[in-house]
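Fold and geometry: a report
Spelled out from the first residue to the last, the chains are:
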Amino acid sequence: DVKVTQSSRYLVKRTGEKVFLECVQDMDHENMFWYRQDPGLGLRLIYFSYDVKMKEKGDIPEGYSVSREKKERFSLILESASTNQTSMYLCASSFRSGQSYEQYFGPGTRLTVT
Amino acid sequence: AQSVSQHNHHVILSEAASLELGCNYSYGGTVNLFWYVQYPGQHLQLLLKYFSGDPLVKGIKGFEAEFIKSKFSFNLRKPSVQWSDTAEYFCAAIKLSFGAGTTVTVRA
């Protein structure tokens, strides 16, 4: 079974703090993704990575950065957290090649910025 | 740019009713299409997917979806829902666009 784990289920941070969200997958997937999920907006892609040290911006990258130093780990960084970044953050992974872009999701991190 | 739109924001049904959730995508090339489900408090998980071949795709838990290329649609169906189908359903297309989601509430 593919397993995607996220470092925290719930996180409360103050405005201006630097926030790190960690994601680890154990299936040797090339692709990893960070989304945020907000009511009425569905999932919006923040960043994705198709290989170690490679990253591409998604639909809403502003205010975020990412790091992928190892294949199994993909970190999302909020350089200076703001209240509008309060959201559920979902990490996912998938294979890159062939027909299977099926994504496997982690449990999510609910971040509250006060 | 590719986008996915879901027609319904919130659907309320009685048990044994039939379910159809609409999904349209805008993408001119080859499409890979997915329906994901998120049960309350659980991870997103794959219901079914379409890459090519038979446009009628069967997934888990009695769900199916039909790819209609001429209508750019990939609607999800289930002939008879159960209370346990209460969840949020997301349509997605390759290049990682997700629809806004449809919340389905099934009343006993």
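The structure we're discussing is the one just above.
Quick look at the structure, then. What you see is a predicted model; the values in this text were computed from it and never measured.

When its volume is computed, the second largest pocket comes out at roughly 460 Å³. What lines the second largest pocket is a set of 23 residues, among which Gln37, Met88 and Arg110 of chain A together with Gln38 and Glu88 of chain B lie closest to the centre. Looking at the lining of the second largest pocket, the elements with two or more residues in it are strand E4 (31-38) and strand E9 (87-94) of chain A together with strand E10 (87-93) of chain B. By residue class, the composition of the lining of the second largest pocket is 10 nonpolar, 9 polar and 4 charged.

If you look at the interface, chain B gives 19 residues, while chain A gives 19 residues. Taken together, the connections running from chain B to chain A amount to 1 salt bridge. Counting the contacts that link chain B with chain A gives 5 residue pairs in polar contact (both at pLDDT 80 or more). Elements that contribute at least two residues to the side of chain B that touches chain A include exactly strand E5 (33-38), strand E6 (44-50) and E10 of chain B. Of the residues belonging to the side of chain B that touches chain A, the class tally is 10 nonpolar, 7 polar and 2 charged.

Another aspect to go through is unusual backbone geometry. All names here are of chain B. The phi dihedral of Lys61 is positive, around 60 degrees, even though this residue is not glycine. Checked against the element boundaries, Lys61 lands in the loop between strand E7 (56-58) and strand E8 (64-68). When its relative accessible area of 45% is taken as the criterion, Lys61 is described as partly exposed.

Residue and element names in this part refer to chain B. Counting 28 residues, the largest nonpolar core has Trp35, Leu48, Phe74, Leu76 and Tyr89 as its most contacted members. It is E10 that contributes the most residues to this core, 4 residues altogether. Residue contacts for Leu48: discarding those within four places in its chain leaves Leu33, Phe34, Trp35, Val57, Lys58, Gly59, Phe63, Glu64, Ala65, Phe74 and Leu76.

Now for the state of the cysteines. Per the stated rule, a full pass over the model turns up 2 disulfides over all chains. In this model Cys23 of chain A forms its disulfide with Cys91 of chain A; the gap between the sulfur atoms is 1.8 Å. Classification of the bridge connecting Cys23 of chain A and Cys91 of chain A rests on its S-S torsion, roughly -75 degrees, and on that basis the disulfide is left-handed. Taken as a pair, Cys23 of chain A in strand E3 (residues 19-25) and Cys91 of chain A in strand E9 lie far apart in primary sequence, 68 residues in all. Summarising the burial analysis for this pair, Cys23 of chain A and Cys91 of chain A share the class buried. One disulfide in the model links Cys23 of chain B with Cys91 of chain B; its S-S distance is 1.9 Å. A torsion of -65 degrees about the S-S bond marks the disulfide between Cys23 of chain B and Cys91 of chain B as left-handed. A residue pair is termed long-range when its members are at least 10 positions apart, and Cys23 of chain B in strand E4 (residues 23-26) and Cys91 of chain B in strand E10 qualify at 68 residues. Per residue, the accessibility class of Cys23 of chain B equals that of Cys91 of chain B, and both read buried.

Moving on, we get to the side chain of Gln6 of chain B. Residue and element names in this part refer to chain B. The residue Gln6 is located in strand E1 (residues 3-6) in this model. With a relative accessible area of 13%, Gln6 lands in the buried category. Only 3.0 Å separates the side chain of Gln6 from the backbone nitrogen of Cys91, close enough to count as a polar contact. Filtering out sequence-adjacent residues up to four positions away, Gln6 remains in contact with Gly22, Trp35, Tyr89, Phe90, Cys91, Gly99, Ala100, Gly101 and Thr102.

Attention now goes to the environment of Pro79 of chain B. All names here are of chain B. Considering the arrangement of structural elements, one finds Pro79 in the loop between strand E9 (73-78) and E10. With 62 residues separating them in the primary sequence, Pro79 and Ala17 have C-alpha atoms 7.0 Å apart. Not counting chain neighbours up to four residues away, the residues in contact with Pro79 comprise Ala16, Ala17, Ser18 and Gly62.

Position of Tyr104 of chain A relative to the elements: it lies in strand E10 (residues 104-105). Of the polar contacts made by the side chain of Tyr104 of chain A, one reaches the side chain of Glu102 of chain A; its length is 3.3 Å.

Parameters at a glance
- Position numbers for residues start from 1 in each chain and track the written sequence from start to end.
- As a convention, the first chain written is A and the first ligand written is 1, with the rest following in written order.
- Local features in a predicted model are, by the rule used here, given only for residues with pLDDT of at least 70; side-chain atom pairs are given and counted only at 80 or more, and totals for whole chains, interfaces and linings are based on all residues.
- Based on all heavy atoms of the structure, the side-chain values leave hydrogens and waters out of the count.
- Cavities and pockets are defined on a 1 Å grid built over the protein atoms alone: a cavity is a set of grid points where a 1.4 Å probe fits but cannot escape, while a pocket is an open set with protein on both sides within 12 Å along at least five of seven lines, and lining residues are those with an atom within 4 Å of any such point.
- Grid points are joined across faces, edges and corners, and a volume is the space filled by probe spheres set on the points.
- Secondary structure elements are taken from DSSP: a helix is a run of H or I of four residues or more, a strand is a run of E of two residues or more, and numbering for both begins at the N terminus.
- Under the scheme applied here, ten amino acids are nonpolar (Ala, Val, Leu, Ile, Met, Phe, Trp, Tyr, Cys and Pro), four are charged (Asp, Glu, Lys and Arg), and all others, including Gly, are polar.
- Throughout, a residue-residue contact means that at least one pair of heavy atoms, one from each residue, lies within 4.5 Å.
- Counted as salt bridges are all cases of a side-chain nitrogen of Lys or Arg within 4 Å of a carboxyl oxygen of Asp or Glu.
- The definition of a polar contact used here is a pair of N or O atoms within 3.5 Å, where within protein one atom must be able to donate a hydrogen and the other to accept one, and adjacent residues in sequence count solely through side-chain atom pairs.
- Burial classes follow relative accessibility: with a 1.4 Å probe on protein chains only, a residue under 20% of its type's maximum area counts as buried, one over 50% as exposed, and anything between as partly exposed.
- In this description, a nonpolar core means a group of buried Ala, Val, Leu, Ile, Met, Phe, Trp, Tyr and Cys residues linked to one another through side-chain atoms lying within 4.5 Å.
- Two cysteine sulfur atoms form a disulfide, by the criterion used here, when they sit within 2.5 Å.

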